[in-house]
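# Chains, contacts and geometry: an overview
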Amino acid sequence: MMGEEIEKKAARRTKMALFWSSMLHEPLSTLYPFVAFILYKDLHATPFQIALLTMLKPLVTLLSFYWSAGSSGRLRANVLGAGLLMRLPFLFVPWFDSVWFVIAASVNYMLFYRAGVPAWMEILKKNLKEGKRGRLFSLSSAVGYGEGVLLSLAMGGMLDQDPGLWKLLFVGAALLGLVGSFVQASVPVQEGEREKRPSLKELIVRPWRDSIELMRTRKDFAGFQWGFMVCGFAVMLIQPALPLFAVDELGISYTQMAAAISIAKGLGYVASSPLWGRWIDQHPIHRLASGVFLTIALFPVMLAMAQWQIFWLYAAYFLYGVGQGGSHLVWNMSGPHFAGKDESARYTGVNVAMAGLRGAVGPPLGGWMSVVWGALPVLGIGAVLCLWSGLRILKFVPKKSLALNR
């Protein structure tokens, strides 16, 4: 009885931390996409500096792999450390009126944002039952995303009125995020045994060796990863084509683009998240991933149709929000799902490494292809890759599951 009471208390604390941290972290997450605009408009950054920021953000994800590899035995310290380090530089932006400082703070944010994910997912796995975990995570994400839609519109209006406010907004958002990190670290969790400090060589080699071993021995996990790799690479590939297509082909205004991204995509995410959260407990994760990939495949197709009717712009971004809601849930929950009774940080760490690899290659390649071939062919290639990954991953759905659904 005593053990059950402790588990229930830990579950309650974890549930509260999940929602509070989602809401407290959202202001900085909402401000983060404004960085490139702030650099260009307020700090007069060069195109080279903007391009460098775009390339470094996904590239540093590979470094976060090493932080996440050390999660064993110190989950709360890992989450708190990553949460503090990712936000502290933004507290100093009022005193460093420098393009390079803001770039460094932004890249640092992405590094530790990814680094803290495996440990936090392991805490959720330990404290929340599998039947509730996905639904609660999806619902908390929807609450945070809905908050972000309102904040993005409010912050955009404030910055239009007074561009210099971005420094105070970043400081306030970083402080709220720090509170959210302490909330996460306050969750009681049964820590595993700490491993002995490895040598430098072992520290560098072991995470990659473990990841390759997981991919080699777990064919179901490898199939999932390669499906996400292809679809994620397609999404990264089309990112540089989106502004070119919007300006050169559609000729849309800033207001129309803001409505598509902030409102249409946000509504799609918030409306679909409870459904994805319910489906993850009812369907095999490979089938759910297939639904995500096929939904995202329709985004560039609908976007291309906006050449004839602007309605399709908003429909495309609404559908992209739906796909993103499922992708966020499936990507984060995949580690605990495949780990079973094992520690999930190793599995989530593979997610982080693969995201870094595709993020480092996709945007530069997509930018080059957009310049040489034009934006529309790149959107077409992205759609085909997402469609292929959505169909291919169905091969890994357990046969038992297929039989039950006939």
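The structure under discussion appears in the preceding block.
Presented here is an overview of the structure given in this document. (Residues numbered from 1 in each chain as written. Predicted model: local features only at pLDDT ≥ 70, side-chain atom pairs only at ≥ 80, totals over all residues. Heavy atoms only, no water.)

### Details of the overall build of the chain
For the chain, the count of helices and strands is 18 helices and zero strands. Taking all 406 residues of the chain together, the buried fraction comes to 51%. In the chain, 85% of the contacts between residues at least 6 apart in sequence involve partners at least 24 apart. Carbon and sulfur atoms provide 67% of the accessible area of the chain, an area that totals close to 19,700 Å². (Helix = DSSP H or I, 4+ residues; strand = E, 2+ residues; numbered from the N terminus. Buried < 20%, exposed > 50% of the residue type's maximum accessible area, 1.4 Å probe, protein only. Contact = heavy atoms within 4.5 Å. Areas by Shrake-Rupley, 256 points an atom, 1.4 Å probe, with all protein chains shown as cover.)

### Observations concerning the packing of aromatic side chains
Applying the stated rule across the entire model yields 18 aromatic pairs. On the numbers, 5.0 Å between centres and 10° between planes, the contact of Phe90 with Phe170 is stacked. Of this pair, Phe90 sits in the loop between helix H5 (75-87) and helix H6 (99-115) while Phe170 sits in helix H9 (residues 166-185); the two residues are 80 residues apart in sequence, bridging distant segments of the chain. Each member of the pair Phe90 and Phe170 is classed as buried. Arranged with centres 5.2 Å apart and planes meeting at 45°, the rings of Phe224 and Phe228 form a pair that is tilted. Of this pair, Phe224 and Phe228 both sit in helix H11 (residues 219-238), four residues apart, which is roughly one turn of that helix. (Phe/Tyr/Trp six-rings, centres within 6.5 Å; stacked < 30°, edge-to-face > 60°.)

### Some words on the environment of Leu178
Here Leu178 is to be found in helix H9. Spatially, the C-alpha atoms of Leu178 and Gly83 are 6.7 Å apart, while their sequence positions differ by 95 residues. Setting aside chain neighbours within four positions, we find Leu178 in contact with Gly83, Leu84, Arg87, Leu88 and Leu91.

### Focus on the nonpolar core
Counting 73 residues, the largest nonpolar core has Trp120, Leu303 and Tyr317 as its most contacted members. With 13 residues, the top contributor of residues to this core is helix H15 (residues 311-339). The next biggest cluster of nonpolar side chains, apart from the first, holds 35 residues, and it includes Leu28, Phe34, Ala174 and Leu178. (Core = buried A, V, L, I, M, F, W, Y, C linked by side-chain atoms within 4.5 Å.)

### Side note on helix H12 (residues 241-250)
Among all positions in H12, only Ala241, Leu242, Phe245, Ala246 and Leu250 are buried. Here the buried residues of H12 occupy an arc of 130° about the axis, which is enough to place them on one side. Along H12, the residues that are exposed and aim more than 90 degrees away from the buried face are Val247 and Asp248. Where H12 terminates, the next one or two residues include Gly251, which has phi positive at roughly 60°. (Arc of directions from axis to C-beta.)

### Let's talk about a nonpolar patch on the surface
There is a patch of nonpolar side chains on the surface, built from Val361, Leu365, Trp368, Val371, Val372 and Trp373 and spanning about 630 Å² of accessible area. Structurally, Trp373 can be placed in helix H16 (residues 345-373). Overall, Trp373 belongs to the partly exposed group, its relative accessible area being 48%. (Patch = residues over 30% accessible without salt bridge, like charges linked within 9 Å, V, L, I, M, F, W, Y side chains within 5 Å. Salt bridge = Lys/Arg side-chain N within 4 Å of Asp/Glu carboxyl O.)

### Considering a positive patch on the surface
A cluster of like positive charges, contributed by Lys8, Lys9, Arg12, Arg13, Lys15, Arg76, Lys129 and Lys132, occupies part of the molecular surface. Summarising the element assignment, Lys132 is placed in helix H8 (residues 130-161). (Lys, Arg positive; Asp, Glu negative; His and termini not counted. Charge placed at Lys NZ, Arg CZ, Asp CG, Glu CD.)

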